[in-house]
Amino acid sequence: MMKSKAQQTLVLAFGGNAITKEGQKGSFSEQLENIEASCRQITGLALAGHHMVITHGNGPQVGSLLIKNELAKDIVPPMPLDVCGANTQGSLGYAIVQTLQNMLRKSGNPRELVALMTRSVVDPADPAFQNPTKPVGPFFTREQAEELIRLYAYHMREDSGRGWRRVVPSPRPVAILERSVIQGLVENGVIVVAVGGGGIPVSDKEGRYIGIEAVIDKDLAAERLAQDIKADVFAILTGVRKVCLDYRKPGQKDLDVLRASEATEYLAQGQFPSGSMGPKIEAAVHFVEHSGNPVIITDFEHVQAALNGQDGTRIIPD
Ligand SMILES: Nc1ncnc2c1ncn2[C@@H]1O[C@H](COP(=O)(O)OP(=O)(O)O)[C@@H](O)[C@H]1O
Ligand SMILES: NC(=O)OP(=O)(O)O
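Each value, and the rule that gives it
- Residues numbered from 1 in each chain as written.
- Chains lettered and ligands numbered in written order.
- Predicted model: local features only at pLDDT ≥ 70, side-chain atom pairs only at ≥ 80, totals over all residues.
- Helix = DSSP H or I, 4+ residues; strand = E, 2+ residues; numbered from the N terminus.
- Contact = placed C-beta atoms within 7 Å.
- Core = buried A, V, L, I, M, F, W, Y, C linked by C-beta atoms within 7 Å.
- Buried ≥ 20, exposed ≤ 12 C-beta atoms within 10 Å, placed from the backbone.
- Expected span 1.5 Å × (residues − 1).
- Near = placed C-beta within 6 Å.
- Nonpolar A, V, L, I, M, F, W, Y, C, P; charged D, E, K, R; others polar.
- Pairing = 2+ DSSP bridges.
- Axes fitted to C-alpha atoms, helices over the stretch in contact; angles between N-to-C directions.
- Bend = angle between axes of the 7 residues up to and from the residue.
- UniProt positions renumbered as here; feature names shortened; annotations may be inferred.
- Right-handed = clockwise from strand over helix to strand, strands pointing away.

J.: Kindly report on the overall build of the protein chain, identifying the contributing residues and their values.
T.: Helix and strand counts for the protein chain come out as nine helices and 17 strands. A principal-axis box enclosing the C-alpha atoms of the protein chain has dimensions of 55 × 45 × 45 Å. Within the protein chain, residue pairs in contact and separated by at least 24 positions form 73% of the contacts whose partners lie at least 6 positions apart.

What follows is the structure, given as structure tokens:
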């Protein structure tokens with residue numbers, strides 16, 4: 001499928017919290033309902049003819065698998081965290097592809113879609129292994145968190161004012177192993193769901209890839225891929241319409257446009273917390289500085305307007 005000028009190559013990244021929302025237990029029907037709401041907007045982008053990679057988080061879902069592991073460990077063997085990550089790529093990729101395909105078929109404009117098992121190479125010496133930061137699983141009260149620390153020695157942290165969550169190591173993605181396959185599929189007009197949950201963490205040990213127990217930040221991994229496939233726009237879809245200064249404080253201010261150097265400065269000032277908006281801004285700055293192309297950060301509802309420069313926050317080079 002040839003690309004016209006109005007059609008762009010997009011990498012869309014959306015969070016696991018958009019698939020299992022705060023307060024939900026994360027039943028498959030809840031996940032499907034949330035994915036349907038997200039896919040309605042993605043369908044609009046597909047109908048406009050854009051070439052697309054869809055990446056998704058897995059924090060809530062992979063954390064739920066860890067809880068199942070813990071509760072069932074005397075009956076069935078627990079699976080390592082990299083395998084739990086692979087499981088979530090499969091289940092979420094299935095749900096996204098099936099939902100989007102059904103919507104496109106209904107519109108009379110079918111496109112080919114695939115969910116691709118994707119691995120991200122990490123460095124086993126990454127200091128992140130000594131300092132777990134990636135929130136996974138449900139939100140707990142402080143008292144529940146203290147009990148989980150006592151019972152299971154989990155690392156637990158408060159997550160952006162939303163409650164306490166277990167945290168696991170989150171090394172940086174160094175390379176996406178399946179990048180060339182993804183690029184080939186996208187150039188041929190296939191909508192690819194890839195790098196789910198930031199990719200399955202692996203490392204190269206003496207010429208053999210081995211699984212590594214961690215959860216990679218999907219915004220950082222999606223950014224890596226967006227650069228690899230030379231995306232025209234990297235779109236980070238999350239729970240807010242715009243990035244703000246003084247978020248949830250008196251005088252909160254929406255940002256329409258943010259230059260890379262301003263974003264870096266605000267990041268250093270602590271405007272964007274490390275467990276939530278911080279990695280998105282970091283990924284955005286990296287993408288605009290290395291590609292010269294823009295990043296948009298917005299919610300699903302406003303993604304089409306944001307791509308037209310009429311909504312959301314646009315991060316641009318200096
Ligand atoms: N400065 C900020 N501007 C906008 N949102 C912010 C800011 N700081 C923190 N946030 C919060 O960060 C959230 C995005 O992080 P998170 O929910 O972890 O991402 P994801 O959508 O990838 O799961 C937003 O929905 C918002 O609640
Ligand atoms: N892996 C990851 O970044 O997941 P979330 O987006 O759900 O935090």
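More follows now that the structure is in view.
J.: Describe the nonpolar core, and please don't skip the residues or the numbers.
T.: Residues V11, L12, V53, L225 and A284 are the most contacted members of the largest nonpolar core, which totals 77 residues. Apart from residues no more than four positions distant in its own chain, L12 is found in contact with I42, M52, I54, T55, A235 and L237.

J.: I'd like a description of helix α8 (residues 277-291), backed by residues and values.
T.: End to end, α8 covers 21 Å across 15 residues, agreeing with the expected 21 Å (1.5 Å per residue, within 8%). Considered for burial, the residues of α8 that qualify are M277, P279, K280, I281, E282, A283, A284, V285, F287 and V288. Here the buried face of α8 lies against α6 (218-228), β12 (233-237), α7 (260-268), β16 (295-298) and β17 (313-316).

J.: Outline the site of ligand 2, supporting the account with residue identities and numerical values.
T.: Around ligand 2, the neighbouring residues are G15, G16, N17, G57, N58, G59, G197, G198, V215, D217 and K218. Within the shell around ligand 2, the residues separate by chemical class into one nonpolar, eight polar and two charged.

J.: Which residues make up the sheet that holds β17, and what are the values?
T.: The eight strands are arranged β3-β9-β2-β1-β12-β16-β17-β15 in an open sheet whose pairing can be described as mixed. Looking at which strands have only one partner, the edges of the open sheet turn out to be β3 (113-115) and β15 (257-259). Neighbour-to-neighbour, the strand axes of this sheet turn through a mean angle of 20°, independent of strand direction. Running over the sheet, helix α3 (residues 81-107) touches β2 (51-56), β3 and β9 (191-193) and is turned about 170° from β3.

J.: Explain the environment of G15 to me, using residue names and the numbers behind them.
T.: Along the chain, the position of G15 falls in the loop between β1 (9-14) and α1 (28-47). Since 20 C-beta atoms lie within 10 Å of it, G15 is described here as buried. For the pair G15 and K68, spaced 53 residues apart in sequence, the C-alpha to C-alpha distance is 21 Å. In contact with G15, not counting residues within four places along its chain, are G57 and T238.

J.: Describe α1, listing the residues and the values that go with them.
T.: In this model α1 runs 27 Å from its N-terminal to its C-terminal C-alpha over 20 residues, within 8% of the 28 Å that 1.5 Å per residue would give. At R40, α1 is bent by approximately 30°, the largest bend along its length. Among the residues of α1, Q31, N34, I35, S38, C39, I42, T43, L45 and A46 are the ones counted as buried. G49 sits one or two positions beyond α1 and adopts a positive phi of about 95°.

J.: Tell me what's going on with the UniProt feature "domain: Aspartate/glutamate/uridylate kinase" (unreviewed entry) in the protein chain, and back it up with residues and numbers.
T.: In the numbering adopted here, UniProt assigns the feature "domain: Aspartate/glutamate/uridylate kinase" (unreviewed entry) to residues 9-299. The distance from the first to the last C-alpha atom of residues 9-299 is 19 Å, and the span holds 40% helix and 22% strand.

J.: Residues and numbers for the site of ligand 1, please.
T.: Residues in contact with ligand 1 amount to 17 residues; listed here are only the nearest, G15, T238, G239, Y247 and S276. Of the residues in the shell around ligand 1, the class split is eight nonpolar, nine polar and no charged.

J.: Tell me about unusual backbone geometry, and name the residues and values.
T.: The residue V195 is not glycine, and still its phi comes out positive at about 55°. Take V195: it is sitting in the loop between β9 and β10 (200-205). A positive phi angle, close to 55°, is found at D246, a residue other than glycine.

J.: Before we move on, could you go through the sheet that holds strand β7 (residues 164-168) and cite the residues and values that matter?
T.: A sheet is described by the order of its strands in space; here three strands give the open sequence β5-β7-β6, paired in antiparallel fashion. At either end of the open sheet lies a strand with only one pairing partner, and these are β5 (134-140) and β6 (156-158). Between one strand and the next, the sheet's axes are offset by a mean angle of 40°, whatever the strand orientation. Bridge count for β6 against β7 is three bridges, and the pairing is antiparallel. Opposite E158, over in β7, you have W164 as the bridge partner.

J.: Which residues make up the pairing of β1, and what values do they have?
T.: In terms of burial, β1 is largely enclosed, as six of its six residues are buried. Alignment of β1 against β2, held across six bridges, turns out to be parallel. Each residue of the ladder has a partner; that of V11, found in β2, is V53. In the classification by handedness, the crossover that spans β1, the intervening α1 and the parallel β2 is right-handed. Inspection of the sheet shows β1 paired to β12 by five bridges, in the parallel sense. Paired with V11 across the bridge in β12 is F234.

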